[in-house]
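# Examining the three-dimensional arrangement
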Amino acid sequence: MRSLNFTNKALEFLRNLQAKQFKQVAVNILEIAQNPKPHDSKDLKGYSGLFRKDSGEYRIVYRFDDTTVYIMLVGKRNDDEIYKQLERLL
């Protein structure tokens, strides 16, 4: 299992989730740590090396290397705000 590294934006979003949604997203993040390319993840178009995985109504944006999964952002799936934040982050 790879270690996890979160950006401040991702941590801030996770802290504000209600318990049920937090658990749902956390389970998916742990799945990514074990297998960074699960069958339901996709390459993030226009961003080399970044991936996305949907978790209910939320989207997890991440990248990984041999030892670590970097959780870049977590946000609403149907909200373009996550991509605006990604532009500012990169």
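Just above sits the structure.
Residues numbered from 1 in each chain as written. Predicted model: local features only at pLDDT ≥ 70, side-chain atom pairs only at ≥ 80, totals over all residues. Heavy atoms only, no water.

### Focus on the pattern of salt bridges
Tallied over the entire structure, the rule returns eight salt bridges. In this structure, the salt-bridge partner of Asp54 is Arg52, at a minimum N-O distance of 3.6 Å. Take Asp54: its relative accessible area is 24%, and that puts it in the partly exposed class. A salt bridge links Asp54 to Arg77; the nearest nitrogen and oxygen atoms lie 3.6 Å apart. Taken as a pair, Asp54 in strand S3 (residues 51-55) and Arg77 in the loop between strand S5 (68-76) and helix H3 (81-89) lie far apart in primary sequence, 23 residues in all. (Salt bridge = Lys/Arg side-chain N within 4 Å of Asp/Glu carboxyl O. Buried < 20%, exposed > 50% of the residue type's maximum accessible area, 1.4 Å probe, protein only. Helix = DSSP H or I, 4+ residues; strand = E, 2+ residues; numbered from the N terminus.)

### Thoughts on the packing of aromatic side chains
Under the defined criterion, the tally for this structure stands at three aromatic pairs. Each ring, one from Phe13 and one from Tyr58, has its centre 5.8 Å from the other, and the planes form 70°; the classification is edge-to-face. Of this pair, Phe13 sits in helix H1 (residues 8-15) while Tyr58 sits in strand S4 (residues 58-64), and the two are 45 residues apart along the sequence. By relative accessible area, which is 23% here, Phe13 ends up partly exposed. Classification of Tyr58 by relative accessible area gives buried; the value is 7%. Here the aromatic residues Phe51, Tyr62 and Phe64 are joined through ring pairs into a cluster of three or more. (Phe/Tyr/Trp six-rings, centres within 6.5 Å; stacked < 30°, edge-to-face > 60°.)

### Quick word on the sheet that holds S4
Judged by pairing direction, the sheet is mixed, and its five strands sit side by side in the order S1-S5-S4-S3-S2 without closing on themselves. Bordering the open sheet on either side are strand S1 (3-6) and strand S2 (41-43), each of which pairs with just one other strand. Each strand of the sheet is rotated relative to its neighbour by a mean of 30°, with strand direction disregarded. Inspection of the sheet shows S2 paired to S3 by three bridges, in the antiparallel sense. Each bridged residue has a counterpart across the sheet, and for Ser41 the counterpart in S3 is Lys53. (Pairing = 2+ DSSP bridges. Axes fitted to C-alpha atoms, helices over the stretch in contact; angles between N-to-C directions.)

### Quick word on the nonpolar core
Ranked by size, the top nonpolar core spans 13 residues in total, and within it Leu14, Val25, Ile29, Ile60, Tyr62, Ile71 and Val74 carry the most contacts. Looking at this core, the elements that each hand over two or more residues are H1, helix H2 (19-34), S4 and S5. Once residues within four sequence positions are removed from consideration, Ile71 is found in contact with Leu4, Asn5, Phe6, Thr7, Ala10, Ile29, Ile60, Val61 and Tyr62. Core analysis: the next-biggest nonpolar cluster, separate from the first, contains nine residues, Tyr47, Tyr70, Met72 and Leu86 among them. (Core = buried A, V, L, I, M, F, W, Y, C linked by side-chain atoms within 4.5 Å. Contact = heavy atoms within 4.5 Å.)

### A look at a nonpolar patch on the surface
Taken together, the side chains of Met1, Leu4 and Leu30 define a hydrophobic patch exposed on the protein surface, amounting to about 310 Å² of accessible area. For Leu4, the position within the fold is in strand S1. Judged by relative accessible area, which is 32%, Leu4 ranks as partly exposed. (Patch = residues over 30% accessible without salt bridge, like charges linked within 9 Å, V, L, I, M, F, W, Y side chains within 5 Å. Areas by Shrake-Rupley, 256 points an atom, 1.4 Å probe, with all protein chains shown as cover.)

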